[in-house]
Amino acid sequence: MQHTSTQDTLVGLFVAAGIVGLLFLALQVSGLSAFIKEDTYTVTARFENSGGLKVKSAVSSAGVKIGQVSAIKFDPTTYESVVEMRINSRYNTLPDDTSASIFTAGLLGEQYVNLVPGGSDETLKDGSIIELTQSAIILEKLIGQFLFKSAEEKAETNK
């Protein structure tokens, strides 16, 4: 069986296309596709506790990913977590009284920021601060409170 140069070229192009496809898929899955520049605007929210939130965590509204966390900092004067989020410019109609909450995807999943739109006529702009926030629920803290309360109730019934 003889190979022609056309067959060799087609096989080479097919292999090259496969490698490019795998590279693209790997970048999308890993979240490292930062060189694909999207038009975004930045908003900031302050939380008492940001829990296990991480940079590049999702920012969603109504279950739809609309952005991602770009930075998490600690404010030494207010002792709060300052979370910066990049929101895709397609979603530039979020009211300025939008609230932000940190939720967990599933029982033990990773955390994300959920935005719930308010009713204001003004919209969030680049550099806006979201005032209404709800911190992450820390599972260990809830379990500790439950155990303490049940031990307290048991001690009262034994009196």
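The structure we're discussing is the one just above.
In what follows, the accompanying structure is described. (Residues numbered from 1 in each chain as written. Predicted model: local features only at pLDDT ≥ 70, side-chain atom pairs only at ≥ 80, totals over all residues. Heavy atoms only, no water.)

## Focus: the overall build of the chain
Phase 1 of the analysis: Helix and strand counts for the chain stand at two helices and eight strands.
Phase 2 of the analysis: Sequence-ordered secondary structure for the chain, helices as α and strands as β, is α-β-β-β-β-β-β-β-β-α.
Phase 3 of the analysis: Since a compact globule built from 159 residues should have a radius of gyration of about 15 Å, the 24 Å found for the chain marks it as more spread out than a globular shape.
Phase 4 of the analysis: For the chain, buried positions account for 26% of its 159 residues. (Helix = DSSP H or I, 4+ residues; strand = E, 2+ residues; numbered from the N terminus. Rg over C-alpha atoms; globule rule 2.2 N^0.38 Å. Buried < 20%, exposed > 50% of the residue type's maximum accessible area, 1.4 Å probe, protein only.)

## What about the packing of aromatic side chains?
What characterises a pair of aromatic rings is the spacing of the ring centres plus the angle enclosed by the ring planes.
Phase 1 of the analysis: One pass over the structure, following the stated rule, counts two aromatic pairs.
Phase 2 of the analysis: A ring pair is formed by Phe 74 and Tyr 79, whose centres lie 6.3 Å apart and whose planes are at 45°; its orientation type is tilted.
Phase 3 of the analysis: When its relative accessible area of 55% is taken as the criterion, Phe 74 is described as exposed.
Phase 4 of the analysis: Aromatic pair Phe 103 and Tyr 112: ring centres 6.2 Å apart, planes at 70°, arrangement edge-to-face. (Phe/Tyr/Trp six-rings, centres within 6.5 Å; stacked < 30°, edge-to-face > 60°.)

## Remarks on the environment of Tyr 91
Phase 1 of the analysis: Relative to the assigned elements, Tyr 91 resides in the loop between strand E4 (80-88) and strand E5 (99-104).
Phase 2 of the analysis: Taking the C-alpha atoms as reference points, Tyr 91 and Asn 158, 67 residues apart in sequence, are found 58 Å from one another.

## What to know about the sheet that holds E5
Phase 1 of the analysis: As summarised here, the arrangement of the eight strands in space is E7-E1-E4-E3-E2-E6-E5-E8, forming an open sheet in which the pairing is mixed. What marks the edges here is a single partner per strand, and that holds for strand E7 (128-130) and strand E8 (132-134). Sheet twist, expressed as the mean angle between neighbouring strand axes with direction ignored, is 30°.
Phase 2 of the analysis: Of the strand pairs in this sheet, strand E1 (residues 40-47) and E4 are connected by eight bridges, and their pairing is antiparallel. Among the inter-strand pairings, Thr 40 is bridged to a residue of E4, identified as Asn 88. (Pairing = 2+ DSSP bridges. Axes fitted to C-alpha atoms, helices over the stretch in contact; angles between N-to-C directions.)

## Quick notes on the environment of Thr 133
Phase 1 of the analysis: Relative to the helices and strands, Thr 133 resides in strand E8.
Phase 2 of the analysis: The sequence separation of Thr 133 and Thr 4 amounts to 129 residues, and the corresponding C-alpha distance is 66 Å.
Phase 3 of the analysis: In terms of polar contacts, Thr 133 uses its side chain to reach the backbone carbonyl oxygen of Arg 46, at 2.8 Å. (Polar contact = N/O pair within 3.5 Å; in protein donor to acceptor, adjacent residues only side chain to side chain.)

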